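Overview (structure and organization)
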Amino acid sequence: MKKDWLEPINSYVKIELRGDDLEGLINGCLAGGIAIWNIERTGESSVSACLYTRNIKEVRLLLKETKCKFRLLEKNGLPFWAARMWKRNGLLLGLAGFFVVLFLLSNMVWNINVTGANPKTEYQLLKAAKELGIKKGKFIFLLPNVRQLQQRLTNAMDNVTWIGVSLNGTTYNFQVVEKEIPKRKEASSPKHLVAKKDAVIYDMFVEKGQPVVSPHQFVYKGSLLVSGYIGKEGKTKLVPAKGVVWGETWYTTSVTIPLKTDFQTFTGNMITQHKINLFGLKIPIWGWKDGEYKAQEVSENETPLRFWKWTLPVSYIKKEIRETDGVQRVYSESEAIRAGKSMAKKEVRKLLSHDAKIKGEKILRQSVSNGKVNLSMHYQVIENIASEQPILIQQGD
């Protein structure tokens, strides 16, 4: 009888049969449906053959009937192989441990490189990255993906224009483009200070030059504030005028505040799912609920797994399902006016330098239409209105 296709999995033995009625023994096996194969004559009254260990009891009965004997030659099949390997379990466990450790080390952060940043910016970047979990020894598949890291770090750093993030093996590379803040050069050529906008002079402090205006005086844009000519008439000389001239200026801005606004907020309920993507088949390993929320926001982060220098066709997926709740904010007319004034003030602040001060504010126009409050605001601002204007020197001066 021929062996079946499960031979490598099922345990079988190779035996030597001896006796005068070997033909009767073999015919009895065939008649009883006992698988026996690779029958080879080894002598005048002996043959070798293979049979499954599950049929040994039945073969023993036939051996008694035919008065034949057998001798075990080989043990084969997966169970025997596993048993032999189990005897060497120390070696197997050590080998398995080695591959597990190598796999884990291949998916850890080992290096972080920063290019294009000065030491101060580099320190700030590494500190911000550490707060996001980017540090040596962390598992890469548990960290935010490259796109999320790039967005969060760029938003966290005020002194950079752009941060490029790339992951090469176990190394994170950060490429930084810093904001170029031009250094103010010390004025050396003769200059006047002129008004950069219409204003009423509030106060002034002159380091160099001759003041030509005084407090409470109205000036137009381009008016001379501090002259670069100093000295008495006939004995004047040119200097780079330097100082601060505070002027009262005016800004207007308009805002619209809806009385009713619908927006989404997170309730705090969240389900996290962990999956392994194996050749496109997503296998759940933790978190099997899908979250039957009426309204929800889903974010999914997939990280390829590595083994040494190779990227495996396996990836780790972390899926977060957050419940959202629709909220309607309703303002009364007075509340909408307060919110509009606060918004308008923030908009004006964006136009001012850090040392400017808002002196006063008032509502120019106010109306309610189509469920919205419309405001037009007027602001009095104290700010430095001086700007430098080079003095053109003609030959002979």
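For clarity, every value in this text was computed on a predicted model and none was experimentally measured. (Residues numbered from 1 in each chain as written. Predicted model: local features only at pLDDT ≥ 70, side-chain atom pairs only at ≥ 80, totals over all residues. Heavy atoms only, no water.)

One recurring pattern in soluble globular proteins is that nonpolar side chains are buried together. Formed by 17 residues in total, the largest nonpolar core has its most connected members in Leu125, Ile134, Leu153, Ile163, Val165, Tyr172 and Phe174. Elements that contribute at least two residues to this core include exactly helix 5 (119-131), helix 6 (146-156), strand 6 (160-168) and strand 7 (171-178). Aside from chain neighbours lying at most four places away, what touches Val165 is Val146, Leu149, Gln150, Leu153, Tyr172, Asn173 and Phe174. (Core = buried A, V, L, I, M, F, W, Y, C linked by side-chain atoms within 4.5 Å. Buried < 20%, exposed > 50% of the residue type's maximum accessible area, 1.4 Å probe, protein only. Helix = DSSP H or I, 4+ residues; strand = E, 2+ residues; numbered from the N terminus. Contact = heavy atoms within 4.5 Å.)

Turning to the pattern of salt bridges, a few remarks are in order. One pass over the structure, following the stated rule, counts 10 salt bridges. For Glu16, the salt bridge goes to Arg71, with nearest N and O atoms at 3.0 Å. Separated by 55 residues along the polypeptide, Glu16 in strand 1 (residues 12-18) and Arg71 in strand 4 (residues 69-76) bring together distant segments of the chain. Its salt-bridge partner being Lys359, residue Glu248 comes within 3.1 Å of it at the nearest N-O pair. Residue Glu248 is found in strand 15 (residues 242-258), and its partner Lys359 is found in strand 20 (residues 357-369); the two are separated by 111 residues along the sequence. Look at the salt bridges and you will find they share partners, linking Glu16, Arg18 and Arg71 into a network. (Salt bridge = Lys/Arg side-chain N within 4 Å of Asp/Glu carboxyl O.)

A word on the sheet that holds strand 16 (residues 260-278). Spatially, 4 strands are ordered 17-16-19-18 in an open sheet, and the strand pairing comes out antiparallel. Here the strands that pair on one side only, and so sit at the sheet edges, are strand 17 (281-286) and strand 18 (296-307). For this sheet, the mean angle separating the axes of adjacent strands, direction not counted, is 40 degrees. Both strand 16 and strand 19 (residues 310-330) contribute to a ladder of 16 bridges, which runs antiparallel. When the bridges of strand 19 are listed, Gln264 appears paired with Gly326. Set on the sheet, helix 4 (residues 89-106) makes contact with strand 18 and strand 19; between it and strand 18 the angle comes to about 125 degrees. (Pairing = 2+ DSSP bridges. Axes fitted to C-alpha atoms, helices over the stretch in contact; angles between N-to-C directions.)

Right, let's talk about the UniProt feature "transmembrane region" (unreviewed entry) in the chain for a bit. With numbering matched to this structure, UniProt assigns "transmembrane region" (unreviewed entry) to residues 90-110. The span residues 90-110 is 81% helical and 0% strand by assignment, and the distance between its end C-alpha atoms comes to 30 Å. (UniProt positions renumbered as here; feature names shortened; annotations may be inferred.)

The topology assignment puts Leu392 in the segment after strand 22 (386-390). A residue is classified by how much of its surface remains accessible, and Leu392, at 77% relative accessible area, is exposed. Sequence spacing of Leu392 and Lys57 is 335 residues, and the spatial spacing of their C-alpha atoms is 118 Å.

Locating Tyr220 in the fold gives a position in the loop between strand 11 (218-219) and strand 12 (224-227). For Tyr220, a relative accessible area of 54% puts it in the exposed group. Each C-alpha atom of the pair Tyr220 and Asp198 lies 4.3 Å from the other, and the pair is 22 residues apart in sequence.

We now examine a nonpolar patch on the surface. A surface patch of nonpolar side chains, about 410 Å² in accessible area, is lined by Leu278, Phe279, Leu281 and Ile283. With a relative accessible area of 67%, Phe279 lands in the exposed category. (Patch = residues over 30% accessible without salt bridge, like charges linked within 9 Å, V, L, I, M, F, W, Y side chains within 5 Å. Areas by Shrake-Rupley, 256 points an atom, 1.4 Å probe, with all protein chains shown as cover.)

Once that is clear, we can look at the environment of Asp325. Within the secondary structure layout, Asp325 lies in strand 19. Under the relative-accessibility criterion, Asp325 is labelled partly exposed at 39%. In sequence terms Asp325 and Gln264 are 61 residues apart; their C-alpha atoms lie 5.7 Å from each other. Apart from the residues lying within four places of it in its own chain, the contact partners of Asp325 are Phe263, Gln264, Thr265 and Thr267.

Domains assigned within the chain are domain 1 (12-82), domain 2 (111-178) and domain 3 (261-329). Counting residues at the interface gives 8 residues for domain 2, matched by 5 residues for domain 3. Carbon and sulfur atoms make up 56% of the surface buried where domain 2 meets domain 3, a total of about 540 Å² over both sides. Contact with domain 3 buries area across many residues of domain 2, yet Phe141, Asn145 and Gly169 alone supply 65% of it, more than any other trio. For the interface between domain 2 and domain 3, the tally reads 0 salt bridges. Between the two partners, domain 2 and domain 3, sit 2 residue pairs in polar contact (both at pLDDT 80 or more). Residues belonging to the side of domain 2 that touches domain 3 are distributed by class as follows: 5 nonpolar, 3 polar and no charged. (Domains from an automatic or database assignment. Buried area = accessible area lost by both parts, 1.4 Å probe. Polar contact = N/O pair within 3.5 Å; in protein donor to acceptor, adjacent residues only side chain to side chain. Nonpolar A, V, L, I, M, F, W, Y, C, P; charged D, E, K, R; others polar.)

So, on to the sheet that holds strand 2 (residues 36-43). On the basis of which strands lie adjacent, the open sheet formed by 4 strands has the order 2-3-1-4 and antiparallel pairing. Every other strand in the sheet has two partners, leaving strand 2 and strand 4 as the edge strands with one partner each. Strand-to-strand twist in this sheet, taken as the mean axis angle between neighbours without regard to direction, amounts to 25 degrees. Bridge analysis of strand 1 against strand 4 gives 7 bridges, and the strand direction is antiparallel. Bridge pairing in strand 4 places Arg18 opposite Lys69. Sheet strands in contact with helix 1 (residues 22-31) are strand 1, strand 2 and strand 3 (46-52), and its direction is about 175 degrees off that of strand 2.

On to unusual backbone geometry, then. Phi angles above zero are rare outside glycine, and Asn38 is one such case at about 50 degrees. By the element assignment, Asn38 lies in strand 2. Not every positive phi belongs to a glycine, and His216 is a case in point at roughly 75 degrees. Its place among the elements puts His216 in the loop between strand 10 (210-211) and strand 11.

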